[in-house]
Amino acid sequence: MVFTAGSALLDAVVLSVVSQGGTYGYKITQDVRKIMDVSESTLYPVLRRLQKDGCLETYDMEFQGRNRRYYKITSNGMIVLDNYRNEWRNFSNNVNGILMGN
């Protein structure tokens, strides 16, 4: 990919992925990798920061004899995600207007 993604875009994508159903870190990484190149070592600090900021909460469940940490978006996280979505609409419309000559 030619374009690099900043931290705000990564936060928005992670929140969106988690909002579609609470899930665990590896699955979140796989879903995010469908649209951008990101490693687990990049993603886990993002998850921790979003949790610290009150956008995500975690819970542990046993899976095949081991605990797996799941992430769930909070009501504050949904507000932040809605703001990101609005900002993205405005940004992408402006960029499309310039790039596509509209």
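Every value quoted in this text rests on a predicted model; they were computed, and no experiment measured them.

Conventions we followed
- Residues numbered from 1 in each chain as written.
- Predicted model: local features only at pLDDT ≥ 70, side-chain atom pairs only at ≥ 80, totals over all residues.
- Heavy atoms only, no water.
- Phe/Tyr/Trp six-rings, centres within 6.5 Å; stacked < 30°, edge-to-face > 60°.
- Helix = DSSP H or I, 4+ residues; strand = E, 2+ residues; numbered from the N terminus.
- Buried < 20%, exposed > 50% of the residue type's maximum accessible area, 1.4 Å probe, protein only.
- Pairing = 2+ DSSP bridges.
- Contact = heavy atoms within 4.5 Å.
- Axes fitted to C-alpha atoms, helices over the stretch in contact; angles between N-to-C directions.
- Parallel < 35°, antiparallel > 145°, perpendicular 65-115°, else oblique.
- Nonpolar A, V, L, I, M, F, W, Y, C, P; charged D, E, K, R; others polar.
- Left-handed = near helix turned anticlockwise from the far one by under 90°.

**Overview of the packing of aromatic side chains**
Inspection of every chain in the model, using the stated rule, returns three aromatic pairs. Ring centres of Y59 and Y70 lie 5.5 Å apart, and the angle between their planes is 10°; this geometry places the pair in the stacked category. Taken together, the residues Y59 in strand β2 (residues 56–63) and Y70 in strand β3 (residues 66–73) connect sequence positions eleven residues apart. Its relative accessible area of 33% is what places Y59 among the partly exposed residues.

**Observations concerning the pairing of β2**
Sheet analysis places β2 next to β3, joined by eight bridges and oriented antiparallel. Bridge pairing in β3 links E62 to N67. Connecting β2 to the next strand, β3, in antiparallel fashion are two residues, including Q64 with a positive phi near 50°.

**Structural notes on the sheet that holds β2**
Pairing is antiparallel in the open sheet, where three strands are placed in the order β1-β3-β2. Here the strands that pair on one side only, and so sit at the sheet edges, are β1 (23–24) and β2. Inspection of the sheet shows β1 paired to β3 by two bridges, in the antiparallel sense. When the sheet's bridge partners are listed, T23 is paired in β3 with Y71. Each of β2 and β3 is contacted by helix α3 (residues 40–52), which is oriented at about 120° to β2, the strand it contacts most.

**What to know about the packing of helix α1 (residues 7–19) against α3**
Running from N to C, α1 and α3 point in directions that differ by 75°, and their axes come no closer than 11 Å. One finds that α1 runs roughly perpendicular with respect to α3. Of α3, the residues touching α1 (which contributes L10, D11, V14 and L15) are T42, L43, V46, L47, R49 and L50. When the residues that make up the contact of α1 with α3 are grouped by side-chain class, the tally is seven nonpolar, one polar and two charged.

**Remarks on unusual backbone geometry**
Positioned with a positive phi, Q64 is a non-glycine residue whose angle comes to about 50°. Tracing the sequence through the fold places Q64 in the loop between β2 and β3. Owing to a relative accessible area of 71%, Q64 belongs among the exposed residues under this scheme.

**Structural notes on the packing of helix α2 (residues 25–33) against α3**
At a minimum axis distance of 10 Å, the contact between α2 and α3 shows a crossing angle of 115°. As judged from the angle between their axes, α2 and α3 are roughly perpendicular. As α2 packs across α3, the resulting crossing turns out to be right-handed. For the pair α2 and α3, the contacting residues are G25, Y26, I28, T29 and R33 in the first and E40, L43, Y44 and L47 in the second. The class makeup of the residues in the contact of α2 with α3 is five nonpolar, two polar and two charged.

On their own, these measurements won't tell you what the molecule is for.
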